[in-house]
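# Remarks on the overall topology
Each chain is listed here by its residues.
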Amino acid sequence: MTGNGEALLLGGAAALGIKLEASQVATFRQLYALLLEGNARLNLTALKTEQDIVLKHFVDSLSCLRGHHLDTPAKVLDLGTGGGFPSLPLAIARPTLELVPMDATRKKIDFVRETAHTLGLSRVTPVVGRAETLGRDPEFRAQHDRVVARAVSALPILVELALPFLKVGGLLLAQKGALSGDELDAGAQAALEVGGRIQEVDEFTLPSLGDARTLVVVEKIRATPPRYPRRDGLPNQQPLF
Ligand code: SAM
């Protein structure tokens, strides 16, 4: 990462109210190099320029720290982490978080595991699997204080996949682009069905670029009925609302 990239990272993080130490910036520099190298082999991201990777992956991932829902130590599942977003930037910026990046694609999780190991992020424990399956597994169901999910499914689908992983009182932090009123309404109805309630809809713009972003916070207010999540693929094929 060049000096310009580091300035974009520091400025973007500062605009979100996050102060990064020099050692953390150095770890982001390493992550940047590993992502470029991994991308050449695994096609992890369509983003190619330094500015895009720094702002649209690193800073955008950190934007779920808005609202201070990840300020205290917590067990956090990252549903559909892909190449490690938001998990890896969160693990660098908030080393006390216990992060579980999860994805259905093994090669992506292998990359996240190797990368976390190389970066010394010891509280990151990646897992391969589908949310529909792991969400029924007692090792994962109702075991997490937070679920984060960036760019994964429309809100009504996402709440069915995510809420089973949360303890009652836990929060889903859904990182989305611009959100339509229809998606939000359907998401609110689906949330009620699976034991949740939309607590906050935080609309903001990505630092430097001005792209529209929405952080939807859903609180789990009661246990998810045992029939959810439905079997593999069904939440996508037949969304609840
Ligand atoms: N969160 C990453 C990011 O922001 O760069 C990746 C986003 S990518 C668009 C969506 C990811 O979610 C893919 O890697 C896909 O494999 C994963 N995914 C989608 N549905 C899933 C499911 N039901 N269970 C597990 N992973 C899923």
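Model, not experiment: these values are computed from the prediction. (Residues numbered from 1 in each chain as written. Predicted model: local features only at pLDDT ≥ 70, side-chain atom pairs only at ≥ 80, totals over all residues. Heavy atoms only, no water.)

The next subject is the packing of helix α2 (residues 22-42) against helix α5 (residues 106-119). Interaxial distance between α2 and α5 falls to 11 Å at its minimum, and their mutual angle equals 150°. Of the possible angle classes, the one that applies to α2 and α5 is roughly antiparallel. Relative to α5, the crossing made by α2 is right-handed. Between α2 and α5, the contacting residues are T27, Q30, L31, L34, L35, G38, R41 and L42 on the first element and K107, F111, E114, T115, T118 and L119 on the second. Class assignment of the residues belonging to the contact of α2 with α5 gives a composition of 6 nonpolar, 5 polar and 3 charged. (Axes fitted to C-alpha atoms, helices over the stretch in contact; angles between N-to-C directions. Helix = DSSP H or I, 4+ residues; strand = E, 2+ residues; numbered from the N terminus. Parallel < 35°, antiparallel > 145°, perpendicular 65-115°, else oblique. Left-handed = near helix turned anticlockwise from the far one by under 90°. Contact = heavy atoms within 4.5 Å. Nonpolar A, V, L, I, M, F, W, Y, C, P; charged D, E, K, R; others polar.)

Next up on the list: the site of the ligand. Taken together, 15 residues lie near the ligand, and G80, F85, D103, A131 and R150 sit nearest. Measuring from an oxygen atom of the ligand, one finds a side-chain N or O atom of D103 at 2.7 Å. A distance of 3.0 Å is found between an oxygen atom of the ligand and a side-chain nitrogen or oxygen belonging to K108. Coverage of the ligand by the protein amounts to 78% of the 600 Å² it exposes when considered alone. Here the ligand occupies the largest pocket. Counting residues per element, the ones that place at least two in the shell around the ligand are β2 (98-103) and α6 (131-134). Taken together, the residues of the shell around the ligand break down into 5 nonpolar, 5 polar and 5 charged. (Near = heavy atom within 4 Å. Polar contact = N/O pair within 3.5 Å; in protein donor to acceptor, adjacent residues only side chain to side chain. Areas by Shrake-Rupley, 256 points an atom, 1.4 Å probe, with all protein chains shown as cover. 1 Å grid on protein atoms, 1.4 Å probe; cavity = no way out; pocket = protein on both sides within 12 Å on 5 of 7 lines; lining within 4 Å. Sits in = over half its atoms within 2 Å of the grid points.)

The geometry of an aromatic ring pair comes down to the distance between the two centres and the angle between the two planes. All chains considered together, the criterion is met by 2 aromatic pairs. Between F28 and F58 the ring centres are 5.3 Å apart and the planes differ by 45°, which places this aromatic pair in the tilted class. You can see F28 sitting in helix α2 and its partner F58 sitting in helix α3 (residues 50-62), a full 30 residues away along the chain. For the pair F28 and F58, a shared accessibility class is recorded, and that class is buried. What links up through ring pairs into an aromatic cluster is the set F28, F58 and F85. (Phe/Tyr/Trp six-rings, centres within 6.5 Å; stacked < 30°, edge-to-face > 60°. Buried < 20%, exposed > 50% of the residue type's maximum accessible area, 1.4 Å probe, protein only.)

The linkage connecting F85 with the following residue, P86, adopts the cis geometry, with an omega of 10°. Tracing the backbone through its elements, the reader meets P86 in the loop between β1 (75-79) and α4 (87-93). Each neighbour pair has its own omega, and for Y228 with P229 the value is -5°, a cis peptide bond. Within the fold, P229 resides in the loop between β7 (212-220) and α9 (234-237). Backbone geometry places A151, a non-glycine residue, at a positive phi of 55°. If you trace the backbone, A151 turns up in the loop between β4 (144-150) and α7 (155-162). Despite not being glycine, S153 shows a phi value in the positive range, around 60°.

Here 7 strands make up an open sheet; going across it, the order is β3-β2-β1-β4-β5-β7-β6 and the pairing mixed. Every other strand in the sheet has two partners, leaving β3 (127-128) and β6 (196-205) as the edge strands with one partner each. As paired elements, β6 and β7 share 9 bridges and run antiparallel to each other. Counted as the bridge partner of F204 is R213 from β7. Across the face of the sheet, α5 comes into contact with β2 and β3 while running at roughly 155° to β2. (Pairing = 2+ DSSP bridges.)

Turning our attention to the pattern of salt bridges. Across all of its chains, the model carries 14 salt bridges by this definition. Measuring nitrogen to oxygen at the nearest pair gives 3.0 Å for the salt bridge that ties K167 to D145. Of this pair, K167 sits in strand β5 (residues 166-176) while D145 is found in strand β4, placing the two residues 22 residues apart along the sequence. A relative accessible area of 34% means that K167 is categorised as partly exposed. Linked through salt bridges whose partners overlap, the residues forming this network are D60, R150 and R213. (Salt bridge = Lys/Arg side-chain N within 4 Å of Asp/Glu carboxyl O.)

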